[in-house]
Amino acid sequence: MSNTKVLPLIAPESDAVAPCCPPLTERPFTAEEAETAARMFKALGDPVRLRLFSAVASHEGGEACVCDISDVGVSQPTVSHHLKKLKEAGLLTSERRGTWVYYRVEPSVLAAMGRLLTVAPAAT
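These lines cover the structure that appears in this document, whether it is placed above or below. Everything numeric here is computed off the predicted structure, so don't read it as measured data. (Residues numbered from 1 in each chain as written. Predicted model: local features only at pLDDT ≥ 70, side-chain atom pairs only at ≥ 80, totals over all residues. Heavy atoms only, no water.)

In this section: the environment of Met40. By the secondary structure assignment, Met40 is in helix α1 (residues 31-44). In this structure, the C-alpha to C-alpha distance between Met40 and Ala89, residues 49 residues apart in sequence, is 5.4 Å. (Helix = DSSP H or I, 4+ residues; strand = E, 2+ residues; numbered from the N terminus.)

Here it is as structure tokens:
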């Protein structure tokens, strides 16, 4: 007899803003696309945020408990502040499980970031 409990899957938060821009070389951005891309790059422009984003993105299982990624050389309140900024930029989603918060980088966000920086093929 097992004491394991099956937990239901929780849908990701719907307030996350995924980058929604075409490749830089495809056409000029609209004002809205430029705002979205700027918010994303501004959030990643801080070395601590970039380290936290990388820690979450590369963590086994695609998500990380804040307890596992907070060793970035700043205090816990500062880690929380930086994670909040990454969430506000639409780069992370989170889920509270008991005492801890788990962060995830949605695959669509990584795909959109890669697409944004892709060089469009030259027209022939």
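Attention now goes to the state of the cysteines. Under the counting rule described, the total for this entry stands at one disulfide. Each sulfur of the disulfide joining Cys65 and Cys67 lies 2.4 Å from the other. Its S-S torsion of about 125° marks the bond between Cys65 and Cys67 as right-handed, since a negative value means left-handed. Among the residues examined, Cys65 registers a relative accessible area of 1% and is labelled buried. (Disulfide = S-S within 2.5 Å. Buried < 20%, exposed > 50% of the residue type's maximum accessible area, 1.4 Å probe, protein only.)

The next point concerns helix α4 (residues 76-88). Taking 1.5 Å of rise per residue, the 13 residues of α4 would be expected to cover 18 Å, and the 18 Å separating its terminal C-alpha atoms lies within 8% of that figure. For α4, the set of buried residues is Val79, His82, Leu83 and Leu86. Burial along α4 is one-sided: seen end-on, the buried residues are contained in an arc of 100°. Those residues of α4 that are buried lie in contact with α1, α2 (47-58), α3 (66-69) and β3 (100-104). (Expected span 1.5 Å × (residues − 1). Arc of directions from axis to C-beta. Contact = heavy atoms within 4.5 Å.)

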